[in-house]
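For reference, the chains in residue letters:
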Amino acid sequence: MNRILPGVLAMAAIVVASNILVQFLIADGLLTWGAFTYPFAFLVTDVMNRVYGVASARKVILAGFVTGIVCSLIGTQITLQGDGYTYQAVALRVAVGSAIAFLVAQLTDVFVFDRLREGTWWKAPFASSIIGSALDTAIFFGIAFSQNIHIFGEAADMEVSWAWDSVPFLLVGAPVPLWISLAVADWCVKLALALIALVPFRLIVGRLTARMV
């Protein structure tokens with residue numbers, strides 16, 4: 001456990017930071033600062049997978065999952081006020097979508113990485129992050145905001161009904177539900193960071209591997 005403790009702490013820090021920074025909007029509301037921290041969870045998973053193996057990577061994911069659940073539980077108990085409305089800091093659908101998306105996406109990342117482990121050094125982390133982050137975006141935004149999901153009840157739907165407003169796609173295209181633009185903007189950030197993260201991946205793996213020799 002001691003050898004993966006830095007990975008556990010890094011994953012927990014990323015999850016906590018992302019849960020806080022998601023409250024701060026940028027790019028005319030299309031993104032939050034959390035969109036720029038959360039994708040590094042895939043970097044942590046991939047480093048743990050490369051250096052310590054699948055079992056260790058899954059333990060780090062579990063730590064991140066539990067941390068996310070705690071953050072969501074705290075958020076659902078915090079009441080905010082704005083524009084004449086009172087609302088919870090974390091909506092029920094957002095909390096559920098976040099938890100499911102994190103677990104499915106991260107475990108998929110581990111699976112894909114392991115299948116490509118023996119290839120060129122960058123293929124496993126890049127492909128696994130791309131596939132994992134695509135799943136993360138689709139699952140999270142689908143569960144959290146899609147108008148076609150009604151299993152949470154009317155009250156939970158009303159908490160996220162603002163995301164159903166029809167607005168120009170990415171603020172410039174044909175009208176679509178706002179959550180579609182949010183999902184695409186989020187996915188674009190994940191794509192860019194998956195590429196950028198290859199640099200720290202290479203450096204961190206090299207350093208940790210050298211220590212093990």
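Remember, predicted model here, so these are calculated numbers, not experimental data.

S.K.: It is not clear to me how the nonpolar core should be interpreted in this structure. Could you clarify?
M.R.: It is characteristic of soluble globular proteins that their nonpolar side chains tend to be buried jointly. Core analysis: the largest hydrophobic core is formed by 28 residues, its most contacted members being Met-11, Val-47, Met-48, Val-60 and Phe-102. Here the element with the most residues in this core is helix α2 (residues 40-52); it accounts for eight residues. Setting aside chain neighbours within four positions, we find Met-11 in contact with Ala-41, Val-44, Thr-45, Val-60, Gly-64, Phe-102 and Gln-106. By size, the runner-up hydrophobic cluster in this structure holds 21 residues, among which are Ala-91, Ile-139, Ala-163 and Ala-183.

S.K.: What should I look at first to understand the packing of helix α5 (residues 123-145) against helix α7 (residues 178-196) in this one?
M.R.: To describe two helices that pack against each other, one gives the angle between their axes and the distance between the axes. Direction vectors running N to C along α5 and α7 enclose 160°, while the axes themselves pass 10 Å from each other. Relative to α7, α5 is oriented roughly antiparallel. Crossing angle aside, the handedness with which α5 passes α7 is right-handed. For the pair α5 and α7, the contacting residues are Phe-126, Ser-129, Ile-130, Ser-133, Ala-134, Asp-136, Thr-137, Phe-141, Gly-142 and Phe-145 in the first and Trp-179, Leu-182, Ala-183, Asp-186, Trp-187, Lys-190, Leu-191, Ala-194 and Leu-195 in the second.

S.K.: Quick question: what am I supposed to make of the packing of α2 against helix α3 (residues 54-76) here?
M.R.: Closest axis-to-axis distance for the α2/α3 pair is 7 Å, and the angle between their directions is 150°. It follows that α2 is roughly antiparallel to α3 by the angle criterion. α2 and α3 meet at a crossing whose hand is right-handed. Facing Val-44, Thr-45, Met-48, Asn-49 and Tyr-52 of α2, the residues of α3 in contact are Val-54, Ser-56, Ala-57, Val-60 and Ile-61. A breakdown of the residues in the contact of α2 with α3 according to their chemical character gives seven nonpolar, three polar and no charged.

S.K.: Explain the side chain of Gln-106 to me, please; I cannot follow it from the model alone.
M.R.: On the secondary structure map, Gln-106 appears in helix α4 (residues 92-115). When near neighbours in sequence (up to four residues on either side) are disregarded, Gln-106 contacts Met-11, Tyr-38, Ala-41, Phe-42, Thr-45 and Ile-61.

S.K.: In this structure, what is going on with the pattern of salt bridges? I would like to understand it.
M.R.: Side chains that carry opposite charge are capable of pairing whenever their charged atoms lie near each other. For the coordinates displayed, the defined rule picks out five salt bridges. Of the charged contacts, one joins Arg-115 and Asp-114 as a salt bridge, the two residues approaching to 3.5 Å between their closest N and O atoms. Through salt bridges with shared partners, one network takes in Asp-114, Arg-115 and Arg-117.

S.K.: Could you clarify how one ought to interpret the layout of surface pockets in this entry?
M.R.: Think of a ball as big as a water molecule: rolled over the atoms, this probe shows where empty space is left. Here the largest pocket is characterised by a volume of approximately 1,700 Å³. Considering the residues around the largest pocket, the lining is formed by 50 residues, among which Val-22, Thr-32, Val-94, Phe-145 and Trp-162 are closest to the centre. When residues in the lining of the largest pocket are grouped by element, the largest group, six residues, is from α4. Classifying every residue of the lining of the largest pocket gives 30 nonpolar, 14 polar and six charged.

S.K.: Would you mind showing me how to read a nonpolar patch on the surface here?
M.R.: There is a patch of nonpolar side chains on the surface, built from Val-16, Ile-20, Phe-24, Trp-33 and Phe-36 and spanning about 470 Å² of accessible area. Relative to the assigned elements, Phe-36 resides in the loop between β2 (31-32) and α2. The class for Phe-36 is partly exposed, based on a relative accessible area of 31%.

S.K.: How should I be thinking about empty space enclosed by the protein in this particular structure?
M.R.: Under the definition given, this model contains one cavity of 30 Å³ or more. Counted as a void, the largest cavity has a volume near 120 Å³. Around the largest cavity sit 14 residues that line it, and Phe-42, Leu-43, Ser-129, Ala-194 and Ala-197 are the ones nearest its centre. Contributions of two or more residues to the lining of the largest cavity are made by α2, α5, α7 and α8 (198-212). In terms of residue count, α5 provides more of the lining of the largest cavity than any other element does, four residues in total. Class assignment of the residues belonging to the lining of the largest cavity gives a composition of 10 nonpolar, two polar and two charged.

Rules used in this analysis
- Residues numbered from 1 in each chain as written.
- Predicted model: local features only at pLDDT ≥ 70, side-chain atom pairs only at ≥ 80, totals over all residues.
- Heavy atoms only, no water.
- Core = buried A, V, L, I, M, F, W, Y, C linked by side-chain atoms within 4.5 Å.
- Buried < 20%, exposed > 50% of the residue type's maximum accessible area, 1.4 Å probe, protein only.
- Helix = DSSP H or I, 4+ residues; strand = E, 2+ residues; numbered from the N terminus.
- Contact = heavy atoms within 4.5 Å.
- Axes fitted to C-alpha atoms, helices over the stretch in contact; angles between N-to-C directions.
- Parallel < 35°, antiparallel > 145°, perpendicular 65-115°, else oblique.
- Left-handed = near helix turned anticlockwise from the far one by under 90°.
- Nonpolar A, V, L, I, M, F, W, Y, C, P; charged D, E, K, R; others polar.
- Salt bridge = Lys/Arg side-chain N within 4 Å of Asp/Glu carboxyl O.
- 1 Å grid on protein atoms, 1.4 Å probe; cavity = no way out; pocket = protein on both sides within 12 Å on 5 of 7 lines; lining within 4 Å.
- Points joined across faces, edges and corners; volume = space filled by probe spheres on them.
- Patch = residues over 30% accessible without salt bridge, like charges linked within 9 Å, V, L, I, M, F, W, Y side chains within 5 Å.
- Areas by Shrake-Rupley, 256 points an atom, 1.4 Å probe, with all protein chains shown as cover.

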